[in-house]
Amino acid sequence: MKNKEKPKSKKKIVFISLILSAIIICSFLLGYLISYICMDPTLKDLYQVFSIANQHYYGKVESTEEDFANVLIREALDEYSAYYNPSSYLDVKNNASGQYSGVGVNFSNGDNKTVVFSVSGNSPADKAGLKAGDILRGGIDKNGEEWTFSDRQDVIDFFNSMKVNEMFTLHVERTGEFTLQSFTLKKEEYVKTYVEYLDSENQMKFMSREEGAQPEKTIIPTMTSEITDSKVAYIKILSFEGDMVGQFKKALEYMKESGRSKLMLDLRNNGGGYMTVLTEVCSLLVKDANSNNPIITYVKEKGERYRTYTSASTNFPSHVTEISVLANDRTASASEALMGAMLHYGTLTMDNLVIEKNSEGVARTYGKGIMQTTYRLSSGGAFKLTTAKLYWPDMQTCIQGEGIVVTGENAVTSSQAISRGLQVLAN
């Protein structure tokens, strides 16, 4: 009797599973149908426009759903909101952890020349020896063909012609050198680093010797440096991503070991990054707060809702007695919020803040006081949307569109920034 009942039991389980699966599928389809029925008529039109164009346009529709999404975002939202397809979103996530691929150079255009604006730490360009300020004049591709660069597009075309791991050479004009300098490098995967240290005797960078390997602390003697004061350590933070906090801690530790007590913090060209990284950094740069978990920034969301970001703790390094900060018009977002917290809690004063003048002669930071939130999409892509305004711990100050401004002696040219930062620390 028992043996005869088992097949019936199995059939019953399979039947119930099929019924449940059907209910789930129907529920999903019903939910989608209800959602579509309740959708705003304009959004329905948008879906239909794309569908009709795909089916009936007499030519080939070159644009994709991604293009339509980008047009919608560009026209209806702001420059900081963005759509990522699954592939580009994967790149975004990898970049957030420090995983990059390419050469590691950003460019700027001006006066019919292409200038190296910045070089990513531990990138192929960094290892080859390229520096910010270098002017690209030409290159040699994998076939030995000579290229001449007259503008940024020429450089982009040259790089696009190179495949991963193909060697090529760049010729650059460098200030202080009378002949063109040549650097051989290749596109490859690398782990980007975010902190550089320099004093009158040594410099420290985070580098890896093998492609994709985790960078390690590397210390080499300082050959030439504007940092001549034996009490000063210069630390540059490039962005708030990856292992930036761990690298910054190591730089502070080395500063202590080297007997330095005055810190020059360089936030020039730091476009910001992630709020979680910001709060960790603030635990090392905020002092004299009323609590061990001080508020770093207030976030004002839609509907007048407020949230706070707090520092996990306050561990201001005891060996640091004075701080000066360098900034420019590309210092933005999280780096501005860091400066706001330091100013609010007294770590920094306007007398110790040095800002480069912009093209209009005004010494101000970028002025980004808004925050973006990234939402995952069913396709595997994502939608980055501006969702809130940021306020300093006083709940009053938002630097959106205004930035942080200084005047007088602390408003300097780019060539004067470090020397002025030293003067501030010497006072």
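For the structure, check the block above.
Basis of the calculations
Residues numbered from 1 in each chain as written. Predicted model: local features only at pLDDT ≥ 70, side-chain atom pairs only at ≥ 80, totals over all residues. Heavy atoms only, no water. Axes fitted to C-alpha atoms, helices over the stretch in contact; angles between N-to-C directions. Helix = DSSP H or I, 4+ residues; strand = E, 2+ residues; numbered from the N terminus. Parallel < 35°, antiparallel > 145°, perpendicular 65-115°, else oblique. Left-handed = near helix turned anticlockwise from the far one by under 90°. Contact = heavy atoms within 4.5 Å. Nonpolar A, V, L, I, M, F, W, Y, C, P; charged D, E, K, R; others polar. Polar contact = N/O pair within 3.5 Å; in protein donor to acceptor, adjacent residues only side chain to side chain. Salt bridge = Lys/Arg side-chain N within 4 Å of Asp/Glu carboxyl O. Buried < 20%, exposed > 50% of the residue type's maximum accessible area, 1.4 Å probe, protein only.

Engineer: Hey, could you go over the packing of helix 8 (residues 275-285) against helix 9 (residues 334-345) for me, with residue numbers and the actual values?
Structural biologist: Axis separation between helix 8 and helix 9 bottoms out at 10 Å; the angle between their running directions is 30°. Taken together, the axis directions place helix 8 and helix 9 in an arrangement best described as roughly parallel. Crossing angle aside, the handedness with which helix 8 passes helix 9 is right-handed. Between helix 8 and helix 9, the contacting residues are Leu278, Val281, Cys282 and Leu285 on the first element and Ala334, Ala337, Leu338, Ala341 and Met342 on the second. Tallied by class, the residues present in the contact of helix 8 with helix 9 amount to 9 nonpolar, no polar and no charged.

Engineer: Before we move on, can you summarise the side chain of Asp134 with the specific residues and values?
Structural biologist: Relative to the helices and strands, Asp134 is located in the loop between helix 5 (124-128) and strand 5 (135-140). Here Lys131 takes part through its backbone nitrogen, which lies 2.9 Å from a polar atom of the side chain of Asp134. Leave out the neighbours within four places in its chain, and Asp134 touches Thr114, Val115, Val116, Val172, Glu173 and Arg174.

Engineer: Which residues make up the pattern of salt bridges, and what values do they have?
Structural biologist: One pass over the full model with this rule turns up 12 salt bridges. Put simply, Lys186 and Glu188 hold a salt bridge, and the shortest N to O gap is 4.0 Å. With a closest N to O distance of 3.1 Å, Glu304 and Lys300 form a salt bridge. When its relative accessible area of 54% is taken as the criterion, Glu304 is described as exposed. Salt bridges linked by common partners bring Lys236, Asp266, Arg268 and Glu356 together as one network.

Engineer: Would you mind going over the environment of Thr228 in detail, with residue names and values included?
Structural biologist: Note that Thr228 resides in the loop between strand 12 (216-221) and strand 13 (232-237). Given the relative accessible area of 63%, Thr228 is considered exposed. Each C-alpha atom, one on Thr228 and one on Ser200, is 4.9 Å from the other, the two residues being 28 residues apart in sequence.

Any functional reading would require information that these geometric values do not contain.
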